[in-house]
Amino acid sequence: MKCTFIIYRFDPAVDKESRYQEYIVDADSTDKILDCLNKIRWEQDATLAYRYSCAHGICGSDALVINSRVELACQMLVRDFKTGNNFVIEPLPFFKVIKDLVVDLEPFFDKHRSVRPYLINDQKPPEQERLQESKTQEFFEPALRCILCASCTSSCPITRTNPDYVGPAALLRAFRYIFDSRDAATDERLEKINDTDGVWGCKSLWWCTDVCPKGIPITKCLGQIKRVIKKKEKAAS
Amino acid sequence: MARMQEVMMDKASVFRLEKGLTEALDKIRELQKSYLNISLQDKGSCFNRDLLDALELGHMLDLAEVIAMGALHREESRGAHCREDFPDRNDVKFLAHTLVRHTDDVPQIFEKAVTITRFQPKERKY
């Protein structure tokens with residue numbers, strides 16, 4: 001069946017301003033949106049730029065705005081949309097556009113790195129692996145599903161108003177290590193995000209949870225960080 | 001690209017025959033020739049996926065050629081390599097690694113002996 005795709009185009013080498021270009025694609029209802037973009041690039045316009053890698057919702061490369069909602073192009077099918085086979089495809093909001101649907105995610109990864117997204121433990125490693133209790137693991141398991149697609153951070157209204165806000169994705173990663181009993185830097189981690197550029201920037205607006213393509217309850221996880229900070233403050237006073 | 005995918009899927013996938021593999025090899029070499037005249041629609045220097053695809057296609061054609069050559073050379077069935085015209089494994093002739101060397105003409109096949117350590121090679125019976 002015929003589907004109409006209206007796609008955001010911007011090539012800094014040629015265009016002064018962004019524009020929208022229309023393509024007609026012959027697609028099945030079970031085709032992914034990414035399949036349609038591939039069809040356009042292979043059969044109609046090889047200059048269309050967008051990111052993708054695994055095409056199965058694992059690599060997190062192809063988060064786009066599809067019909068005004070942030071989605072992974074590889075996880076959404078044509079039939080998932082009730083828009084009469086009409087699609088508007090735009091790059092992720094908030095980030096700078098490099099070309100067409102490709103945005104510069106470097107600021108996103110800078111923030112990700114700022115929460116030190118790795119295990120910190122200076123103690124001598126035991127003979128075998130460091131064990132984690134399955135109950136603790138279950139608690140932060142949702143955060144492990146994060147594929148760093150940047151959907152949450154680009155959708156977050158706070159990110160858009162405060163450029164220094166570290167954003168839901170980075171805080172989620174911090175959450176993952178704060179509640180990991182093997183990590184020894186819990187206090188430093190909490191202190192680092194104990195301000196309005198950190199976890200208190202979050203006003204529990206739930207946009208991150210709403211758009212997360214992996215169904216992670218991000219807002220709740222951030223709430224757990226807030227709760228731990230308050231508890232510690234109470235215990236100290 | 002679609003033509004390469006088609007020929008490799010039809011003739012050089014799980015079940016292989018000498019005839020099919022020879023045809024596949026001919027076809028791949030034909031595609032390699034036409035690849036020399038490849039042109040790009042996207043001439044830009046920013047996030048040029050068209051260029052990336054073209055480069056990848058060149059490498060994949062080289063690999064496809066080597067896969068077909070190796071499969072044709074190995075007249076036995078072993079592991080995931082299943083020749084319907086040679087259903088049995090042949091340790092006398094083929095207990096060896098297949099290596100391929102790039103030359104100015106067609107690539108050249110040669111072999112390297114297998115160093116057997118912990119696991120003795122034996123027929124799979126399940």
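These notes cover the structure that comes with them. Note that the structure is a prediction, hence the values are computed from the model and not measured.

Glancing now at the overall build of chain B. When you go through chain B residue by residue, the secondary structure sums to 4 helices and 4 strands. Sequence-ordered secondary structure for chain B, helices as α and strands as β, is α-β-α-α-β-α-β-β. Relative to the 2.2 N^0.38 estimate, which gives 14 Å for 126 residues, the radius of gyration of chain B is 18 Å and therefore markedly larger than a compact globule would have. A principal-axis box enclosing the C-alpha atoms of chain B has dimensions of 55 × 30 × 30 Å. Within chain B, contacts between residues separated by at least 24 positions form 46% of all contacts whose residues are at least 6 apart in sequence. Surface summary for chain B: the accessible area is close to 8,900 Å², and the carbon and sulfur share equals 55%.

What follows covers the pattern of salt bridges. Residues and elements named next belong to chain B. Tallying each qualifying case throughout the model produces 26 salt bridges over all chains. Across the pair Glu76 and Arg74 runs a salt bridge whose closest N-O atoms are separated by 2.6 Å. Neither Glu76 nor Arg74 differs from the other in exposure class; each is buried. The residue Arg83 makes a salt bridge to Asp85 at a minimum N-O spacing of 2.9 Å. What makes Asp85 partly exposed here is its relative accessible area of 27%. Several salt bridges converge on common partners, so that one network encompasses Arg74, Glu76, Arg78, Arg89 and Asp91.

Interface size, as often reported, equals the accessible area lost upon joining of the parts. With 13 residues of chain A at the interface, the matching set in chain B holds 7 residues. When chain A packs against chain B, close to 940 Å² is buried across both sides, 54% of that on carbon and sulfur atoms. Taken as a group, Arg41, Ala46 and Lys99 of chain A account for 42% of the area that chain A buries against chain B, more than any other trio of residues on that side. For the interface between chain A and chain B, the tally reads 2 salt bridges. Measuring nitrogen to oxygen at the nearest pair gives 2.8 Å for the salt bridge that ties Arg41 of chain A to Asp53 of chain B. In this assembly, chain A and chain B are joined by 5 residue pairs in polar contact (both at pLDDT 80 or more). Sort the elements by how many residues they give to the side of chain A that touches chain B and helix α1 (residues 33–44) of chain A lands first, with 3 residues. Partitioning the side of chain A that touches chain B into residue classes produces 7 nonpolar, 2 polar and 4 charged.

The next subject is the packing of aromatic side chains. Taken as a whole and judged by the stated rule, the model has 10 aromatic pairs over all chains. When the ring of Phe94 of chain A is compared with that of Phe95 of chain A, the centres are 5.1 Å apart and the planes differ by 65°; the resulting orientation is edge-to-face. Since its relative accessible area comes to 35%, Phe94 of chain A is described here as partly exposed. Taking the relative accessible area as the measure of exposure, Phe95 of chain A reaches 9% and is therefore buried. The ring of Trp200 of chain A is capped by Lys230 of chain A, whose NZ or CZ atom sits 5.4 Å from the centre of that ring. Directly above the aromatic system of Tyr52 of chain A lies the positively charged group of Arg49 of chain B, at a separation of 4.3 Å from the ring centroid.

What counts, and where the lines are drawn
- Residues numbered from 1 in each chain as written.
- Chains lettered and ligands numbered in written order.
- Predicted model: local features only at pLDDT ≥ 70, side-chain atom pairs only at ≥ 80, totals over all residues.
- Heavy atoms only, no water.
- Helix = DSSP H or I, 4+ residues; strand = E, 2+ residues; numbered from the N terminus.
- Rg over C-alpha atoms; globule rule 2.2 N^0.38 Å.
- Contact = heavy atoms within 4.5 Å.
- Areas by Shrake-Rupley, 256 points an atom, 1.4 Å probe, with all protein chains shown as cover.
- Salt bridge = Lys/Arg side-chain N within 4 Å of Asp/Glu carboxyl O.
- Buried < 20%, exposed > 50% of the residue type's maximum accessible area, 1.4 Å probe, protein only.
- Buried area = accessible area lost by both parts, 1.4 Å probe.
- Polar contact = N/O pair within 3.5 Å; in protein donor to acceptor, adjacent residues only side chain to side chain.
- Nonpolar A, V, L, I, M, F, W, Y, C, P; charged D, E, K, R; others polar.
- Phe/Tyr/Trp six-rings, centres within 6.5 Å; stacked < 30°, edge-to-face > 60°.
- Lys NZ or Arg CZ within 6 Å of the ring centre and 35° of its normal.

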